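Read off the chains here:
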Amino acid sequence: MDPYPRGRRVVPLDQRSVRLSCCSAVLTEDVALQVLLIFVNQGFIGFYPTYLVEVRGLSPQVVSIVFSSYSALVIFSQSVTGICIGRFGAKLTVGILTGLYVLGLIAVGFARPPLQFLLVTVFLSQRPGTSVVNNTFLAEVLPDDIDDSGVGLLRTV
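Residues numbered from 1 in each chain as written. Predicted model: local features only at pLDDT ≥ 70, side-chain atom pairs only at ≥ 80, totals over all residues. Heavy atoms only, no water.

## Details of the confidence of the model for the chain
In this model, the chain carries an average pLDDT of 81, and 74% of its residues clear a pLDDT of 70 or more. Of all secondary-structure elements in the chain, the lowest mean pLDDT belongs to helix α1 (residues 15-22), at 56, while helix α5 (residues 114-124) reaches the highest, 93. (pLDDT = per-residue confidence, 0-100. Helix = DSSP H or I, 4+ residues; strand = E, 2+ residues; numbered from the N terminus.)

Laid out in structure tokens, this is it:
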């Protein structure tokens, strides 16, 4: 039985090969976009329920429905994203998902009734789908000899 996945030998990685492979312009842009999106999303999601209650005056019960729908929609978004990658390609998919997320961030300031916040939440739930595209992209772009370690390294960043 072959102890190595995909019949490959484990090649020791040196710092130079990892640096050269992981620091290309395409990978740097991809990782920078993901870090920016995750940073914005974490900050926003942390204050979204408080914003809805304190600033918009929604009841805690309505906010719990809006916020729990966000979690359910994230799962749905990630499933649909996988299908879209195969059908439309990674670049178009991540562009659309990022655009929907940005529209959601802008729309939060204009939404008033609870149903509008539910619609905005549909747009906001698209951000985690970009991670699906990102992970697939990283696995495809990195050279075979470092793809496992390289993906782990870049996801850690």
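Now that the structure has been shown, we can carry on.
## What about the packing of aromatic side chains?
Aromatic ring pairs are reported here in terms of the distance separating the ring centres and the angle at which the planes meet. Applying the stated criterion to the full structure yields two aromatic pairs. Plain terms: the ring middles of F44 and Y48 are 4.8 Å apart, the flat faces sit at 35° to each other, and that makes the pair tilted. A residue pair is termed a helical-turn pair when its members lie 3 or 4 positions apart in one helix, as F44 and Y48 do in helix α2 (residues 25-54) at four residues. Between F67 and Y70, the aromatic rings sit 6.1 Å apart at their centres with planes inclined by 15°, giving stacked as the arrangement. With F67 and Y70 both in helix α3 (residues 60-88) and three residues apart, this pair spans about one turn of that helix. The class of F67 is partly exposed, set by a relative accessible area of 26%. (Phe/Tyr/Trp six-rings, centres within 6.5 Å; stacked < 30°, edge-to-face > 60°. Buried < 20%, exposed > 50% of the residue type's maximum accessible area, 1.4 Å probe, protein only.)

## A word on the nonpolar core
Ranked by internal contacts, the top residues of the largest apolar core, which has 16 residues, are F44, Y48, L52, V108, F117, V120 and L124. For this core, the secondary structure elements donating two or more residues are α2, α3, α4 (90-108) and α5. Broken down by element, this core gets its largest block of residues, five residues, from α2. Among all residues touching Y48, those that are not within four sequence positions of it are V66, F67, V108, F117, V120, T121 and L124. (Core = buried A, V, L, I, M, F, W, Y, C linked by side-chain atoms within 4.5 Å. Contact = heavy atoms within 4.5 Å.)

## Description of α5
All of the buried residues in α5 are F117, V120, T121 and L124. One face of α5 carries all of its buried residues, which in axial projection span an arc of 105°. Those residues of α5 that are exposed and aimed more than 90 degrees away from the buried face are L115 and L119. (Arc of directions from axis to C-beta.)

## Quick look at the environment of T130
Here T130 shows up in helix α6 (residues 127-141). Along the backbone, T130 and Q78 are 52 residues apart, and their C-alpha atoms lie at a distance of 8.3 Å.

## Let's talk about a nonpolar patch on the surface
Taken together, the side chains of L36, F39 and V40 define a hydrophobic patch exposed on the protein surface, amounting to about 310 Å² of accessible area. Mapped onto the elements, L36 comes out in helix α2. (Patch = residues over 30% accessible without salt bridge, like charges linked within 9 Å, V, L, I, M, F, W, Y side chains within 5 Å. Areas by Shrake-Rupley, 256 points an atom, 1.4 Å probe, with all protein chains shown as cover. Salt bridge = Lys/Arg side-chain N within 4 Å of Asp/Glu carboxyl O.)

## Thoughts on the packing of α3 against α4
In contact at an axis separation of 7 Å, α3 and α4 are set at 135° when each is read in the N-to-C sense. For the element pair α3 / α4, the angle class is oblique. Of the residues in α4, those in contact with T81, C84, I85 and F88 of α3 are A90, L92, T93 and L97. Here the residues of the contact of α3 with α4 are counted per class, giving six nonpolar, two polar and no charged. (Axes fitted to C-alpha atoms, helices over the stretch in contact; angles between N-to-C directions. Parallel < 35°, antiparallel > 145°, perpendicular 65-115°, else oblique. Nonpolar A, V, L, I, M, F, W, Y, C, P; charged D, E, K, R; others polar.)

## Quick look at the packing of α3 against α5
Following both chains from N to C, one finds α3 and α5 inclined at 25°, their axes separated by 9 Å at the closest point. The pairing of α3 with α5 is recorded here as roughly parallel in orientation. Every pair of crossing elements has a handedness; the one defined by α3 and α5 is right-handed. Facing V62, I65, V66, S69, Y70 and L73 of α3, the residues of α5 in contact are P114, F117, L118, T121, V122 and L124. Looking at side-chain class alone, the contact of α3 with α5 contains 10 nonpolar, two polar and no charged residues. (Left-handed = near helix turned anticlockwise from the far one by under 90°.)

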